[in-house]
Structures are given as structure tokens and as C-alpha cells.
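Below, each chain spelled out in residue letters.
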Amino acid sequence: MAAFRQRKAQRLARADASRKGGLDERAAPVVQLLNGRARFCTTSSCSGRLVLAQGSAADTNSCEIQKKNCTWLMVTHETCTKDDVMTALEKATGDVVLKFEPFVLHVLCQELQDAQLLHSVAIDSGFRNSGITVGRGGKVMMAVRSTHCLEVPLSHKGKLMVSEEYIEFLIHVANRKMEENTRRIDRFYRCLELALKTAISANNSPSEETENRSVYIHRRKRKTIQEQDVHTSLKDHNEELEPEDDTESNLAIFAEIMI
């Protein structure tokens, strides 16, 4: 579809507007795999991160309301240590929250069936908060998301509110989540690669003529059986079968597409 190709070209030509200014190393293979296919275009991604976010001391929810007002005292896309966190907390002057944010990916899809394929792969790979949205004008967006997040307040007005022992425990939990996140990304990439290859093979292997002939033969067999059981006129019989045949044909074609 020309409109989708144009939209994709415009999107990929834009400068990266993220704070990092580039792809996360762990997310890059998935992004490149999708953008290398004509029917997909990634719009944003994050491989998962551990963040110490500081907001206003007067409003503990300021990071959620206005992300631009947040200061990152620490951010890493890898596991971290208690010393990393304690060093970053020395710079705290407001309310600090420790967050683990898992892998997230937004993909613009040419058609709904393309988004459905991605959604199935995401769910099977452990990203069970994934979903599809269809906007005005038929724009189809697929979001790959997970539920294994973590968010814990550590300080208030620059004062540490928890013990170092508790922080060490939190880091252990967060690192385990990061490791699980990495496994899910790897699983998603492998399953996605296989699903895309399978979809291409399914679309290329049977010719349109063979498909139509198969559907026609199936219709004739079904019609013969019904003619033996139902004693109606040929005209009435054909009128009854016509809508059923159309539905069956559509379902058969849809099933082939989804494979």
C-alpha cells in the first residue's frame, strides 16, 4: 500500500527523539528485523531499564504527571549493584523512586492481520500486556508490553526513607526482572523470525488457481451430499446454499492468510 510505504519512509527518516538518541543494543535486532519487512515500521522502543528518577519534593507524583520535570539520577539497561544506587542517591534533593521498566516496542502495521501476527508472537513470548489499537484513518498500531514492572519510593525531600539492607534486596529483585526481560526479548526475536518466515512461505506456496480449485471441489462435494438428503427444487436449493458458500470461502481464504 503506497500510503503505508510513504508513512514508513517519513517515520524512519526522522531523527531519534529519545534521551539516549539511538537504539538500545538489546532492542536493535528486533527493530531491524521488523523494519526490514515492508509491512512493519517501528515507532519507538526501549530494551528495558533500571532508573532512579527524582521528581519534585512537593509532589510525589510529578514524575508520572510530567516526565520532563524528572531528573534521572541513574539509568542503566543492564543489571546494577547496591553501590551504583547508593552513589546515585547521594545526589538526591527531592523524592526519588527506583523503577524497573521492561521492554516496550511500538510497531505501525500495514494491515490488521499483520498486527495480529505480532500480537500472537508477543503473548507467546511472555509480553502479556501487549495490545492492538486501530486509529482514525485505519492506522494500525501494535504495542509489545509486559507486566513485570517495579516501582518503589526510596527518599523524600532528599532524605533516605529505607535501609541499605532493603535497597540491596530491591536491587536483587530488580536484577532478576532484568534477566527475565532479556530472556523474553530473545524469545520474542526467535519466535518473530520464525513467524515471519512461515507467513511468507504460506503466502508464496499455493497459487491462487490451486486455492480456487480446492474451494470449488469442496463446494461440489458438499452440494452433492446435501442434494441427497434434502428434497427441494434445484433453484431453491442453490439459493439456500449461496450465502453459506460465500461465508465458507471467506473463512478458508482468511485462514490461509493468517497462517
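Residues numbered from 1 in each chain as written. Predicted model: local features only at pLDDT ≥ 70, side-chain atom pairs only at ≥ 80, totals over all residues. Heavy atoms only, no water.

1. Remarks on the packing of aromatic side chains
Item 1. For the structure on display, the rule yields four aromatic pairs.
Item 2. With 5.4 Å between their ring centres and 55° between their planes, Phe103 and Phe127 make a pair best called tilted. Here the residue Phe103 occupies a position in the loop between β4 (95-101) and β5 (104-109), and Phe127 occupies one in the loop between α5 (112-124) and β6 (131-134), the gap between them amounting to 24 residues. For the pair formed by Phe103 and Phe127, the shared burial category is buried.
Item 3. These aromatic residues form a ring-pair network of at least three members: Phe103, Phe127 and Phe188. (Phe/Tyr/Trp six-rings, centres within 6.5 Å; stacked < 30°, edge-to-face > 60°. Helix = DSSP H or I, 4+ residues; strand = E, 2+ residues; numbered from the N terminus. Buried < 20%, exposed > 50% of the residue type's maximum accessible area, 1.4 Å probe, protein only.)

2. As for the sheet that holds β5
Item 1. Strand order across the open sheet formed by four strands is β1-β5-β7-β6, with antiparallel pairing between neighbours. With partners counted over all chains shown, the strands left at the sheet margins are β1 (40-46) and β6, one partner each. The sheet shows a mean angle of 20° between the axes of neighbouring strands, taken without regard to direction.
Item 2. On the sheet, helix α2 (residues 28-35) packs against β1 and β5 and is oriented at approximately 165° with respect to β1.
Item 3. Of the strands in this sheet, β1, β5, β6 and β7 (140-144) touch α5, which is tilted by about 5° from β7. (Pairing = 2+ DSSP bridges. Axes fitted to C-alpha atoms, helices over the stretch in contact; angles between N-to-C directions. Contact = heavy atoms within 4.5 Å.)

3. Let's talk about the sheet that holds strand β9 (residues 159-160)
Item 1. Taken in spatial order, the five strands of this open sheet run β3-β2-β4-β8-β9, and their pairing is antiparallel. In this open sheet, the two edge strands, each paired with only one partner strand, are β3 (71-76) and β9.
Item 2. Relative to strand β8 (residues 150-156), β4 is paired through five bridges, and the arrangement is antiparallel. Bridged to Lys99 within β8 is Glu151.
Item 3. Its contacts with the sheet place helix α4 (residues 82-89) against β2 (49-55), β3, β4, β8 and β9, and it is angled at close to 165° to β3.

4. As for the side chain of Lys177
Item 1. Summarising the element assignment, Lys177 is placed in helix α6 (residues 164-204).
Item 2. Although Lys177 lies buried, it forms no salt bridge, and the closest oppositely charged side chain, Glu180, sits 9.9 Å away as judged by the N-O distance. (Lys, Arg positive; Asp, Glu negative; His and termini not counted. Salt bridge = Lys/Arg side-chain N within 4 Å of Asp/Glu carboxyl O.)

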